[in-house]
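# Overview (structure and organization)
As a plain string of letters, each chain reads:
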Amino acid sequence: MTPPKGKSAAAEAETKAPAKKAKARKKGAATASAKATAQKAPPARRARAKKAASAQGTRRVEKPAREGFIPRIVVFACNWCSYAGADTAGVSRIQYSPHFRIIRVMCSGRVHPAFILRAFELGADGVLVSGCHFGDCHYIFGNERAVEQFEKTKALLKILGVEEGRIRLEWISAAEGVKFARVIDEFVEQVRALGPSKLAPPERELPQKAEAFADVAALAK
Ligand code: FES
C-alpha cells in the first residue's frame, strides 16, 4: 500500500533537516578554522595588521618615509681647527656626504644662538657647531663659551618644538680629517631620519656665505 501524498512530503522534509544542519555545522567549522589560521599568522604580519587597525582607529598620521629626503646641513667650523680639519678631509680625498654648507667662524665660541636660529630660518634641517678640543682653543676659553651657547640654543629650540637631534657640537682638530668626514656622515644620516625641519621655509636656499649671518652677528656682539 502506497502512503498518502501529504505524509510523503513531511517525511521528505524530516529527512532533509538533519542534512541542512550538518551543512551549517560544516560551514561554522570552516569559519572557525580560518580565524584560527589568521591568529597563527607570523608575528610581523600580526603587528602590521594591528598597527594599521590602530592607525585607522585613532586617525594617527604616520610620518612619511625619509628615503628620498636630502637634508641640508649648516656647519659652523672654527678657523683654527675644524675648518682646517675639513680641509684635511678634502686633501686626503676622503669620501663623505656633500649635503652641507660650511660657514667659517674665528672660534666656536662666536656661534651665538641667533646664528643657529638664523640657519634654521634660512632652511637648514640641521646645524653642526665644531671647534678645537679643550685646551687647544686659540682664544683660550672660546670652546667653553661654545658649550654654554650650545646649551642655551638647545633650550630655545626645545621651546620652538625643534628636535634636539638637529643640532650637534663636536671638537675636531686640524689633523682629524677622518673624524670630520665621519661626523658629517653620521649627522647627515641622523637628520635624514628626522625629516625636513618644521622651521624651514618652502622655497629655501641655504646660505652660501657668512654674510647671511651679518645682521644676527651684529645683534649678537
Ligand atoms: S679657536 Fe677653535 S674653538 Fe676657539
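Located above this text is the structure these notes cover.
What comes next is a walk through the structure. (Residues numbered from 1 in each chain as written. Predicted model: local features only at pLDDT ≥ 70, side-chain atom pairs only at ≥ 80, totals over all residues.)

This paragraph deals with the overall build of the chain. Along the chain, the regular secondary structure elements total 7 helices and 4 strands. Element order for the chain, N to C, with α for helix and β for strand: α-α-β-α-β-α-β-α-β-α-α. Burial statistics for the chain: of 221 residues in total, 30% are counted as buried. Pairs at least 24 residues apart make up 85% of the contacts formed inside the chain by residues separated by at least 6 positions. (Helix = DSSP H or I, 4+ residues; strand = E, 2+ residues; numbered from the N terminus. Buried ≥ 20, exposed ≤ 12 C-beta atoms within 10 Å, placed from the backbone. Contact = placed C-beta atoms within 7 Å.)

Take the environment of C137 next. Structurally, the position occupied by C137 is in the loop between β3 (126-131) and α5 (142-159). C137 gets classed as buried once you count the C-beta atoms within 10 Å, which come to 22. Sequence separation between C137 and S173 is 36 residues, and the spatial gap between their C-alpha atoms is 9.9 Å. Discounting chain neighbours no more than four positions away, the residues touching C137 are C107, G131, C132, G142 and N143.

This brings us to the pairing of strand β1 (residues 73-78). Looking along a regular strand, one sees the side chains alternate between the two faces of the sheet. Judged by how many residues are buried, β1 sits mostly within the fold: 6 of 6 residues are covered. The alternating pattern of β1 places I73, V75 and A77 on one face and V74, F76 and C78 on the opposite face, and all of these are buried. As for the winding sense of the linkage, the β-α-β connection from β1 through helix α3 (residues 82-91) to strand β2 (residues 100-105) is right-handed. With 5 bridges connecting them, β1 and β3 associate as parallel partners. In the strand pairing of β3, I73 is matched with G126. (Right-handed = clockwise from strand over helix to strand, strands pointing away. Pairing = 2+ DSSP bridges.)

Below, the discussion takes up the sheet that holds β3. For sheets, the rule is that strands pair by backbone hydrogen bonds, running either parallel or antiparallel. As summarised here, the arrangement of the 4 strands in space is β2-β1-β3-β4, forming an open sheet in which the pairing is parallel. Each end of this open sheet is capped by a strand with a single partner; those strands are β2 and β4 (167-171). Sheet twist, expressed as the mean angle between neighbouring strand axes with direction ignored, is 20°. (Axes fitted to C-alpha atoms, helices over the stretch in contact; angles between N-to-C directions.)

This part takes up the pairing of β3. Burial of β3 is extensive: 6 of the 6 residues sit out of reach of the surface. Residues of β3 alternate between two faces, with G126, L128 and S130 on one and V127, V129 and G131 on the opposite face, all of them buried. Judged from the 5 bridges that link them, β3 and β4 form a sheet pairing that is parallel. Looking across to β4, one finds that V127 is bridged to I167.

Generally speaking, a soluble globular protein has its nonpolar side chains buried in company with each other. Counting 42 residues, the largest nonpolar core has I73, V74, V75, F76, C78 and V127 as the members making the most contacts within it. Counting residues per element, this core draws most heavily on helix α6 (residues 177-194), which supplies 7 residues. (Core = buried A, V, L, I, M, F, W, Y, C linked by C-beta atoms within 7 Å.)

Mapped onto the elements, A89 comes out in helix α3. Among the residues examined, A89 registers 22 C-beta atoms within 10 Å and is labelled buried. For the pair A89 and K179, spaced 90 residues apart in the sequence, the C-alpha separation amounts to 8.5 Å. Here A89 is in contact with I94, Y96, G177, F180 and A181, once residues within four sequence places are set aside.

The next point concerns α3. Of all 10 residues in α3, 7 are buried, a share of seventy percent or more. Three or more residues of α3 are buried, namely S82, Y83, A84, G85, A86, T88 and A89. Two residues or fewer after α3 comes R93, characterised by a positive phi angle close to 55°.

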